[in-house]
Amino acid sequence: MTMEPTARSVPREPLGDARLRRLVVGQGLAAVVDALFLVWLTLFVLELSEPGIATGFVLVAVALPRAVLLLPAGVLVDRLGPARIAAGACWLRVAVLLALGALVTFASPSVTAVALLGGLLGVADAAYFPAALALLPAVVPTGKLTRFNALVQGAESGGDLVGPAVAAGVIAAVGFEATLGGIAAMAALAAVALSTLVRAVRRGEATGTGPDADGGGERFGSARALGAGLGYAWREPLVRGMLAAVAMINIAVVGPVLVGGAVLADQRLGGAGSLGVVLSGFGAGSLAGSLMAGWRPPARRGWTVVGGVAAIGAGVAGLAAVTHVVAATAIVSLVGIGSAFLGVVIVATLQERVPERLLGRVLSLVVLATVAFDPFSYVIAGVLLPYGTTTLFLVCGGAVLACAALVATSPAIRSLR
């Protein structure tokens, strides 16, 4: 990539540079805000109405604009720079959270009003996710990208692990209004931290290391710019293979673990309550996998990707045979470790190797592959469940194993170091 001058200008380890500290603090807080707010939103909607369609309506209102706008947001990241988009998205989050807080405190909000504000948060998420990923190589030394991705993803996994209990406990103690105020305050701190990076990244652009420094920044319309990003991702075997692996893992793992895991818990593991134990194992595994990837980055990344995809597939298939909650938790924890480790390696590799002028668009595809296929995964789980959990886990695990074999046929991935 073209960021090596910036990389050489950062001499200290590992968080000695103030920009790196602000980056980790800003993105780490943003990840925790996401985890806490999702729980707050779910519980608040349940407070407004009976459990049922209202909760799904609000969550869809958040998820739909996020999925639809991810790819256009990638174009904006490449045109305006990741620091500007990430900071702007964070301030939009703060504004929406404050508006929601005022509505909750001084009025009796309807589900529709909450859904509309939730939709604006989905817009902010669509801009933030690819911008945050593209911002790392603009600030972090190239050789440390794996470590910093691990720190940020570790904060996200930690938020997912403890967020539900923390949010529920704080709501019970101080109420919805005060809890949302605390979440908004953390969002504001994240926005301030990331806003301080805008000027630093602008200096990089001025010295020839910015998004258009190589003369490759497209001046044509947004549709053609998006097409250029999609075309690059399809033509490059390395990018195409990694995107396929991310998409297959999300299609064949998310639904079976959540939907199939609930049925498995009820039928074999002693009751529905054991599902919480199993999913906690996944969260703990994800946190451990992120930290492991940062502590000891792999020397042979290509075979690590192949082996990681194969291990995840074997773990999902292995759930077909479990009959005890301890075994199920152990397997799901290993799947979490593999997924998180693989995520850090794949994102860091793309950040290093994709041309900077296309980085926002390619990383928006990574985020899209991560979040957009969840509904399909739930549908697949629902279609296969009538044939039994054994069939569900064997078919889905086998699909991931087949993907690992396909990825292994790519010379670009096998030779990756």
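Residues numbered from 1 in each chain as written. Predicted model: local features only at pLDDT ≥ 70, side-chain atom pairs only at ≥ 80, totals over all residues. Heavy atoms only, no water.

Chemist: I tried to follow the overall build of the chain on my own but got confused; where do I start?
Modeler: Helices and strands together make up the secondary structure of the chain, namely 16 helices and 0 strands. Put simply, the chain has 417 residues, and 52% of those count as buried. Partitioning the intrachain contacts of the chain with sequence separation of at least 6 by distance along the chain shows that 85% fall at a separation of at least 24. For the chain, the exposed area adds up to about 17,300 Å²; of that, 69% sits on carbon and sulfur atoms. (Helix = DSSP H or I, 4+ residues; strand = E, 2+ residues; numbered from the N terminus. Buried < 20%, exposed > 50% of the residue type's maximum accessible area, 1.4 Å probe, protein only. Contact = heavy atoms within 4.5 Å. Areas by Shrake-Rupley, 256 points an atom, 1.4 Å probe, with all protein chains shown as cover.)

Chemist: Just checking my understanding: could you explain a nonpolar patch on the surface for this structure?
Modeler: Together, Val60, Leu64, Val68, Leu69, Leu92, Leu120 and Val123 make up an exposed nonpolar region whose accessible area comes to about 550 Å². Listing elements by their share of the nonpolar patch, those giving two or more residues are helix H3 (53-80) and helix H5 (111-139). What makes leucine 69 partly exposed here is its relative accessible area of 33%. (Patch = residues over 30% accessible without salt bridge, like charges linked within 9 Å, V, L, I, M, F, W, Y side chains within 5 Å. Salt bridge = Lys/Arg side-chain N within 4 Å of Asp/Glu carboxyl O.)

Chemist: Can you help me understand H5 in this one?
Modeler: The α-helix winds at 3.6 residues per turn, so residues separated by three or four positions along the chain end up facing the same way. When the terminal C-alpha atoms of H5 are compared, their 41 Å separation across 29 residues agrees well with the 42 Å that a helix rising 1.5 Å per residue should span. Its axis deflected by about 25° at alanine 132, H5 carries its strongest bend there. Most of H5 is tucked away: 23 of the 29 residues are buried. (Expected span 1.5 Å × (residues − 1). Bend = angle between axes of the 7 residues up to and from the residue.)

Chemist: Looking at this structure, I do not really get the packing of aromatic side chains. What am I missing?
Modeler: Two aromatic rings are characterised by how far apart their centres lie and by the angle between their planes. For the coordinates displayed, the defined rule picks out 5 aromatic pairs. Ring centres of tryptophan 40 and phenylalanine 176 lie 6.0 Å apart, and the angle between their planes is 85°; this geometry places the pair in the edge-to-face category. Residue tryptophan 40 is located in helix H2 (residues 18-48), and its partner phenylalanine 176 is located in helix H7 (residues 176-206); the two are separated by 136 residues in the primary sequence. Like phenylalanine 176, tryptophan 40 is buried. Centroid distance phenylalanine 44 to phenylalanine 176: 5.3 Å. Interplanar angle 70°. Geometry classified as edge-to-face. Of this pair, phenylalanine 44 sits in helix H2 while phenylalanine 176 sits in helix H7, placing them 132 residues apart in sequence. Of the two residues, phenylalanine 44 and phenylalanine 176, neither departs from the other in class, the shared state being buried. Joined through ring pairs, the aromatic side chains of Phe37, Trp40, Phe44 and Phe176 make up one cluster. Above the plane of the ring of tyrosine 128 lies arginine 93, whose end atom (NZ or CZ) is 4.4 Å from the centre. (Phe/Tyr/Trp six-rings, centres within 6.5 Å; stacked < 30°, edge-to-face > 60°. Lys NZ or Arg CZ within 6 Å of the ring centre and 35° of its normal.)

Chemist: Explanation requested: the packing of H5 against helix H6 (residues 145-174) in the structure shown.
Modeler: Between two packed helices, what matters for the description is the angle formed by their axes and the separation of those axes. At a minimum axis distance of 10 Å, the contact between H5 and H6 shows a crossing angle of 140°. When the axes of H5 and H6 are compared, the pair comes out oblique. Every pair of crossing elements has a handedness; the one defined by H5 and H6 is right-handed. Here Leu133, Leu136 and Pro137 of H5 come into contact with H6, specifically with Leu145, Phe148 and Asn149. The residue inventory of the contact of H5 with H6, partitioned by class, reads 5 nonpolar, 1 polar and no charged. (Axes fitted to C-alpha atoms, helices over the stretch in contact; angles between N-to-C directions. Parallel < 35°, antiparallel > 145°, perpendicular 65-115°, else oblique. Left-handed = near helix turned anticlockwise from the far one by under 90°. Nonpolar A, V, L, I, M, F, W, Y, C, P; charged D, E, K, R; others polar.)

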